[in-house]
Amino acid sequence: MHTFSEKNVVFPMQGKDIQNLSNSTAKIFQKKYNKKLFLESEDMPIHLSDVYIEPKLIDKNLKKRKQRKKDKIEGKEIGDSNAIEYIEKFVEGPEDKVLFIEGVAGAGKSSLLSKMATVLYGKDIFYKSLKDYLNLDLVRLKIEINKTFSLNDNDFGKIIFLDGLDEIWNKIDLNEFEDDLKFFLERGYKVVFTVRPEYVPYEMYINEIKVCILETFDMSEKVKWIEKYKMLRKEN
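Please read these numbers as outputs of a predicted model, since none were measured by experiment.

Draft legend 1. Spatial organisation of the pattern of salt bridges. Summed over the entire model, instances satisfying the criterion amount to nine salt bridges. The partner of Arg-196 in a salt bridge is Asp-166, and the shortest N-O contact between them spans 3.7 Å. A residue pair is termed long-range when its members are at least 10 positions apart, and Arg-196 in the loop between strand E6 (190-195) and strand E7 (209-214) and Asp-166 in the loop between strand E5 (159-163) and helix H8 (174-186) qualify at 30 residues. We classify Arg-196 as partly exposed; its relative accessible area is 34%. Residue classification places Asp-166 among the buried positions, given a relative accessible area of 10%.

Below is the structure:
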């Protein structure tokens, strides 16, 4: 599996390096991964890529209640996983589902997709911040995605990362959304959404989706982030 390592590139990427990135939408998210942190000075800023901490994902069991109880009795615990590794395997694997990454505000959903844009370097993956569609009264995702990425109904096997489904959820028809999910799956698309909790009624789409929860950082991870930041601040 080919991955893109920060050891191979010195951030920030400039000039010729930027021109060689996989596509224009990936370029936008790769730049986000190197954005300066909020309130950092322009002179010697610290960037997201400098202090990024790997989050974990937990599979959200969407089985019916009786099956969940049976799994627990049989000792089948839903484990956690390194988020980057999990998404890589999903994108490259055979699973016929749309993946939802659920996380509370500030959990790092957008940062995760920005990181993925560097890990999956060189792959023709399309990225979109869904809040760009806030100007629309109604959002039919299939139509808007095709227009945005110049795709059509005859395209197959595309990989699309869509950030912030909660931003436009009140503009989406629930039944049309199911049709859109089926449209993507019938064409072999690998689609990853990020979304906040309590927006999407997952039970409506249980045959088309799988859901993972982005864990908030525990105390050890928070300490690790602070130590990284302090070390960089000393160096600056």
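Back to the text.
Draft legend 2. Structural view of the layout of surface pockets. A volume near 800 Å³ is recorded for the largest pocket. Lining the largest pocket are 29 residues; nearest its centre among them are Gly-106, Gly-108, Lys-109, Ser-110 and Ser-111. For the lining of the largest pocket, the secondary structure elements donating two or more residues are helix H3 (48-51), helix H6 (109-119) and helix H9 (219-235). A total of four residues in the lining of the largest pocket trace back to one element, the largest contributor, which is H6. For the lining of the largest pocket, a count of residues per class yields eleven nonpolar, nine polar and nine charged.

Draft legend 3. Representation of the packing of helix H5 (residues 83-92) against H6 within the structure. At a closest axis distance of 11 Å, the pairing of H5 and H6 adopts a crossing angle of 60 degrees. Compared by their axis directions, H5 and H6 come out oblique. Of the two elements, H5 crosses H6, and the hand of that crossing is right-handed. Contact residues: H5 offers Ala-83, Ile-84, Ile-87 and Glu-88, while H6 offers Leu-112, Lys-115, Met-116 and Val-119.

Draft legend 4. Examining helix H7 (residues 141-149) more closely. Buried residues of H7: Leu-141, Glu-144, Ile-145, Asn-146 and Phe-149, and no others. Just past H7, the residue Ser-150 takes up positive phi, approximately 55 degrees.

Draft legend 5. Quick peek at the environment of Glu-198. Within the fold, Glu-198 resides in the loop between E6 and E7. With 96 residues separating them in the primary sequence, Glu-198 and Glu-102 have C-alpha atoms 9.3 Å apart.

Draft legend 6. Here's a closer look at the packing of aromatic side chains. Using the criterion set out here, one finds eleven aromatic pairs in the structure. Relative to Tyr-205, the ring of Phe-177 lies with its centre 5.2 Å away and its plane at 75 degrees, an arrangement referred to as edge-to-face. Here Phe-177 is found in helix H8, whereas its partner Tyr-205 is found in the loop between E6 and E7, with 28 residues between them in sequence. Classification of Phe-177 as buried rests on a relative accessible area of 1%. Plain terms: the ring middles of Phe-184 and Tyr-189 are 5.7 Å apart, the flat faces sit at 20 degrees to each other, and that makes the pair stacked. Note on Phe-184: relative accessible area 1%, which makes it buried. Aromatic rings pair up to connect Phe-100, Trp-169, Phe-177, Phe-193, Tyr-202 and Tyr-205 into one cluster. It is Lys-142 that lies over the ring of Phe-183; its NZ or CZ is 5.0 Å from the centre. Here the guanidinium or amino end of Lys-190 rests over the ring plane of Phe-90, the centre of that ring lying 5.0 Å away.

Draft legend 7. Representation of H5. For H5, the tally of buried residues reaches seven of ten residues, placing the bulk of the element in the interior. Two or three places before Ile-84, at the start of H5, stands the capping residue Asn-82, its side-chain oxygen 3.0 Å from that residue's backbone nitrogen.

Draft legend 8. Representation of the environment of Ile-209. Here Ile-209 lies in strand E7. Remark: the alpha-carbon pair of Ile-209 and Lys-182, spanning 27 residues in sequence, is separated by 9.9 Å.

Draft legend 9. Looking closely at unusual backbone geometry. The phi angle at Ser-150 is positive, at roughly 55 degrees, despite the residue not being glycine. Inspection of the secondary structure puts Ser-150 in the loop between H7 and E5. Of note, the phi angle at Glu-198 is positive, near 70 degrees, even though the residue is not glycine. What makes Glu-198 exposed here is its relative accessible area of 79%.

Definitions and cut-offs
- Residues numbered from 1 in each chain as written.
- Predicted model: local features only at pLDDT ≥ 70, side-chain atom pairs only at ≥ 80, totals over all residues.
- Heavy atoms only, no water.
- Salt bridge = Lys/Arg side-chain N within 4 Å of Asp/Glu carboxyl O.
- Helix = DSSP H or I, 4+ residues; strand = E, 2+ residues; numbered from the N terminus.
- Buried < 20%, exposed > 50% of the residue type's maximum accessible area, 1.4 Å probe, protein only.
- 1 Å grid on protein atoms, 1.4 Å probe; cavity = no way out; pocket = protein on both sides within 12 Å on 5 of 7 lines; lining within 4 Å.
- Points joined across faces, edges and corners; volume = space filled by probe spheres on them.
- Nonpolar A, V, L, I, M, F, W, Y, C, P; charged D, E, K, R; others polar.
- Axes fitted to C-alpha atoms, helices over the stretch in contact; angles between N-to-C directions.
- Parallel < 35°, antiparallel > 145°, perpendicular 65-115°, else oblique.
- Left-handed = near helix turned anticlockwise from the far one by under 90°.
- Contact = heavy atoms within 4.5 Å.
- Phe/Tyr/Trp six-rings, centres within 6.5 Å; stacked < 30°, edge-to-face > 60°.
- Lys NZ or Arg CZ within 6 Å of the ring centre and 35° of its normal.
- Polar contact = N/O pair within 3.5 Å; in protein donor to acceptor, adjacent residues only side chain to side chain.

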